[in-house]
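Each chain, written out:
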Amino acid sequence: MVSTVRTVLGDIRPEELGVCDAHDHLFLRSPQLPGQELDDLSAARAELTAFRAAGGDAVVQWTPYGMGRRTADLPGLSRTTGVHLLCATGLHQAAHYAPESLDRLKGGLAELFVAELTEGIGGSGVRAGLIKVAGGFHGLDAHARRTMTAAAEAHHATGAPIAVHLELGTGALDVLDLLCGESGVPGHRVILGHLNRFPDPVVQRHAAESGCWLAFDGPSRAHHATDWRMPEAARALAEAGYGDRLLLGGDTVVAGARSVDGGPGMPYLLRRVRPRLREALGAELVHRILTEHPGRAFAVDWK
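Residues numbered from 1 in each chain as written. Predicted model: local features only at pLDDT ≥ 70, side-chain atom pairs only at ≥ 80, totals over all residues. Heavy atoms only, no water.

### Section: the layout of surface pockets
Point 1. Estimated volume of the largest pocket: approximately 540 Å³.
Point 2. Forming the boundary of the largest pocket are 23 residues, of which H165, R197, R221, D251 and V253 lie nearest the centre.
Point 3. Taken together, the residues that form the lining of the largest pocket break down as seven nonpolar, eleven polar and five charged.
Point 4. In this structure, the second largest pocket encloses a volume near 250 Å³.
Point 5. Around the second largest pocket, the lining is made up of 19 residues, and of these T226, D227, M230, Y268 and V273 lie nearest the centre. (1 Å grid on protein atoms, 1.4 Å probe; cavity = no way out; pocket = protein on both sides within 12 Å on 5 of 7 lines; lining within 4 Å. Points joined across faces, edges and corners; volume = space filled by probe spheres on them. Nonpolar A, V, L, I, M, F, W, Y, C, P; charged D, E, K, R; others polar.)

Here it is in structure tokens:
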């Protein structure tokens, strides 16, 4: 079988992705972020255009089910801007949903994920290319365990990768115990997001030993380790032999963080993060992290 990346315009070869922001959001809404929604089509178009002008070719949108994905708008955005887009199925933490919404999904999560991966999302005609789930702060509650178990079932049915929001970067080993240990998901099918937010080199190294992907994503909105320790953490992983497991993303989650609204936005990944990482890792590895690695992480022998 031929491995392909499932974009909103159809399946493509991994090498066609080009320079990829492996974790970001064009649209997102949540009761946890009132008044800060990413829900402006023209702003999303402008942000993608700015990313394209900075040298970007692809964006993986991690916004899951029920959080304002605006899936029907994604094909038009991709065609207009020339940027490949991937869309997610999956479910975030319970706090991002009304309780009645979660009650309606009980017992059918895996089926929902599989349908969105293979048949399409609603009437949009767009098929998801990944499953997004989320852990908690230093642990997994019942909702996270139920959601991740369903994601594992959907992976086994389709081959799709599972992208995991780690709350403040924590809980990576608990996630791997559940997904790779109890549920039998191969390590290379799991992408751990936000590891830069909990810069424990031992945890990061143990996570890398599972074969999973380690995503460093998003500049901080405060002075903490997200920014100033990230290059050194990536270098330590590369020196330990895990440079081939790294991914980079921008993770724009609120309107004010978009570059077109005065924030760093998607272009920051290429404008500032890329040259800084070149000093720590060398240009050749950084190029592979932005081009070759996303193709490998999101390519699937679809079942």
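### A few points about the sheet that holds strand β5 (residues 84-86)
The pairing of strands in a sheet comes from backbone hydrogen bonds and takes either a parallel or an antiparallel form.
Point 1. In space, the three strands of this open sheet follow the order β3-β4-β5, with parallel pairing throughout. Two strands close off the open sheet at either side, each with one partner strand: β3 (20-24) and β5. Looking at each pair of strands side by side, their axes are set apart by 15 degrees on average, direction ignored.
Point 2. When strand β4 (residues 58-61) meets β5, the two strands line up parallel, connected through three bridges. Within β5, the position partnered with A58 by the bridge is H84. (Pairing = 2+ DSSP bridges. Helix = DSSP H or I, 4+ residues; strand = E, 2+ residues; numbered from the N terminus. Axes fitted to C-alpha atoms, helices over the stretch in contact; angles between N-to-C directions.)

### A word on helix α4 (residues 109-118)
Point 1. All buried positions along α4 are accounted for by L109, A110, L112, F113, E116 and L117. Axial view of α4: buried residues confined to an arc of 160 degrees, hence all on one face.
Point 2. G120 lies just past α4 and shows a positive phi near 135 degrees. (Buried < 20%, exposed > 50% of the residue type's maximum accessible area, 1.4 Å probe, protein only. Arc of directions from axis to C-beta.)

### Focus: the pairing of strand β8 (residues 162-165)
The side chains of a regular strand alternate between both faces of the sheet.
Point 1. Residues I162 and V164 of β8 are buried on one face, and the alternating residues A163 and H165, pointing to the opposite face, are buried as well.
Point 2. Bridging between strand β7 (residues 130-134) and β8 involves four bridges; their strand directions are parallel. Looking at the pairing, A134 lines up with H165 of β8.
Point 3. With respect to chirality, the unit in which β7 leads through helix α5 (residues 142-158) into the neighbouring parallel β8 is right-handed.
Point 4. For β8 and strand β9 (residues 190-193), the ladder comprises four bridges, and the chain directions are parallel. Counterpart to I162 in the pairing with β9 is V190.
Point 5. For the crossover from β8 across helix α6 (residues 172-182) to β9, the handedness is right-handed. (Right-handed = clockwise from strand over helix to strand, strands pointing away.)

### Details of the pattern of salt bridges
Point 1. Under the definition given, this model contains 16 salt bridges.
Point 2. For R70, the salt bridge goes to D39, with nearest N and O atoms at 3.4 Å. You can see R70 sitting in the loop between β4 and α2 (74-81) and its partner D39 sitting in the loop between β3 and α1 (41-53), a full 31 residues away along the chain.
Point 3. Residue classification places D39 among the partly exposed positions, given a relative accessible area of 32%.
Point 4. With a relative accessible area of 29%, R70 lands in the partly exposed category.
Point 5. Beyond isolated ion pairs, a larger network of salt bridges with shared partners links R29, D39, R70 and D73. (Salt bridge = Lys/Arg side-chain N within 4 Å of Asp/Glu carboxyl O.)

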